[in-house]
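Architecture and fold: a report
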Amino acid sequence: MPFQKPYFRRLLLLLTFIFCTSLGAYAQKTREQLEREKSENQNKIREIQSILRQTSSQKNVNLGQLKALNQQINTYKKQIDLLSDDLDLLNKELRVLETKRQSLDSSLAKLKTEYGHMIYEASKRNVYFNQLVFLFSSGTFNQLVLRYKYLKQYTEARQGQVKEMEIVQERLMAERRRITVKQDQQKTVLNTRVTESTKLEGLKTKQNEVIQELSQKEVELRKQIVENKRATDFLEANIRRIAERERRERIERERKEREEREARRKAERERLARENAEREKKGEVAVVAEPEEEAPVSSGGMSEEETTLASSFTASQNRLPWPVKGFVSGHFGQRPHAVLKGVMVDNLGVDIQTTAGEPVRSVYDGVVLDVTEMPGMGNVVAIQHGNYMTIYAKMNGVTVRAGQKVKARENIGRVATDSDGTSELQFQIWKNTSRLNPESWLIHR
């Protein structure tokens, strides 16, 4: 029957709409993720710009300025990559929208053609008169009723086809509007990428200028390397002194625990001996058993609280909060010098460059082991987390004292600013006497 075709057509349109909508939902999820990454990276750009302004305010160029420039260049490169991903995603979204538009356009054209054909046939045959003839030529009343229902369904099908064309027309207009919006977004992103690329080239030019100017200060830079090495060695020696002190205290604690266990066992043996002697006097058989030896719990000399803290600290790898806002300006271990070729520098932890006076926070619950001032390192705070230690150097305005318990993210002081205008925290993590890479412990951002 002719009125059955629109039903199947509506079903096909519904399936097409569901398929295209699901593609749109998937793209939307990817877009939300991309927009979040772009926003986070843009925040980093603003943060580093603030740091760069501080270091660039000095009359002479310095390594802090170069480090900030290098980091700014990296963030701009990432932003351009994200903008390129955005353009790719917009192209995919436009292709999906265009497919939907073409499908709707095709469906609307078919609907119009079929409806036009139906109207033409109806006008040619004088439908109203033919319907009356069709009804009253029925042989029985039941046949009349069936023919009436058929004509009613046919009329409803025509009305439904008109409504269907209106719905498809509305959807088509909506898709065309969405395509226009996406095309405008595409132009905006493209222009933004061009702007960011121009800024990147400017930063690279500035970077080359700073490197060339710093290269002319080789004597000064080598002197600075020697001074930094002396300060680093002094800091390392102090950390190892603290670690050794803690080791000796744990050994002493273990010794006392062993002596206490032995004293308890000795007292118990003496008690048993007295009881057995009394039994022998009374002619009784000595049946009291020798006391069982206490099995010491191996904890490396740590208390139960310290053992629990060390275990939870271990489980926090890759999830520790940053001790200060900023970016890693000096990575862990041996690295080539930023300017001098063939020169290697060793870092006991990581340098985190930030803005002047930025608060420094403990990365985990613990106990302050030591607060001291060192040449080239400013104020240094050591915090114990079981058999782990976190070290915070190049600080001023320290607000904690040795023996004080601190919580994660609790302020312990502020970062210091050197004569070059660089504000940089030296952050280290140690386990007993072994230094660890802080970047594998801090949460990624």
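As a starting point, this report considers the structure included with it.

Rules used in this analysis
- Residues numbered from 1 in each chain as written.
- Predicted model: local features only at pLDDT ≥ 70, side-chain atom pairs only at ≥ 80, totals over all residues.
- Heavy atoms only, no water.
- Helix = DSSP H or I, 4+ residues; strand = E, 2+ residues; numbered from the N terminus.
- Buried < 20%, exposed > 50% of the residue type's maximum accessible area, 1.4 Å probe, protein only.
- Areas by Shrake-Rupley, 256 points an atom, 1.4 Å probe, with all protein chains shown as cover.
- Expected span 1.5 Å × (residues − 1).
- Phe/Tyr/Trp six-rings, centres within 6.5 Å; stacked < 30°, edge-to-face > 60°.

A few words on the overall build of the protein chain. When its secondary structure is counted, the protein chain shows six helices and 12 strands. In the protein chain, buried positions account for 37% of the 445 residues. If you sum the accessible surface of the protein chain, you get close to 26,500 Å²; carbon and sulfur atoms cover 53% of it.

This next bit is on helix 5 (residues 218-281). An ideal rise of 1.5 Å per residue puts 94 Å on 64 residues; helix 5 measures up with 93 Å between its terminal C-alpha atoms. Just past helix 5, the residue Gly-283 takes up positive phi, approximately 75 degrees.

The next subject is unusual backbone geometry. With phi around 70 degrees, Arg-409 is a residue other than glycine that occupies positive phi space. Along the chain, Arg-409 turns up in the loop between strand 9 (405-406) and strand 10 (411-415). On the basis of relative accessibility, which here comes to 56%, the residue Arg-409 falls in the exposed class. Residues other than glycine seldom take positive phi values, yet Asn-432 does so here, at roughly 55 degrees. Take Asn-432: it is sitting in the loop between strand 11 (423-431) and strand 12 (434-436).

Here we take up the packing of aromatic side chains. Scanning the model with the defined rule gives five aromatic pairs in all. For the ring pair Phe-313 and Tyr-364, a centre distance of 5.3 Å and an interplane angle of 85 degrees mean the geometry is edge-to-face. Within this pair, whereas Phe-313 is found in helix 6 (residues 304-314), its partner Tyr-364 is found in the loop between strand 5 (359-361) and strand 6 (366-374), the two being separated by 51 residues in sequence. Accessibility expressed as a relative area gives 17% for Tyr-364, which makes it buried.

Keep in mind these values describe shape, not function.
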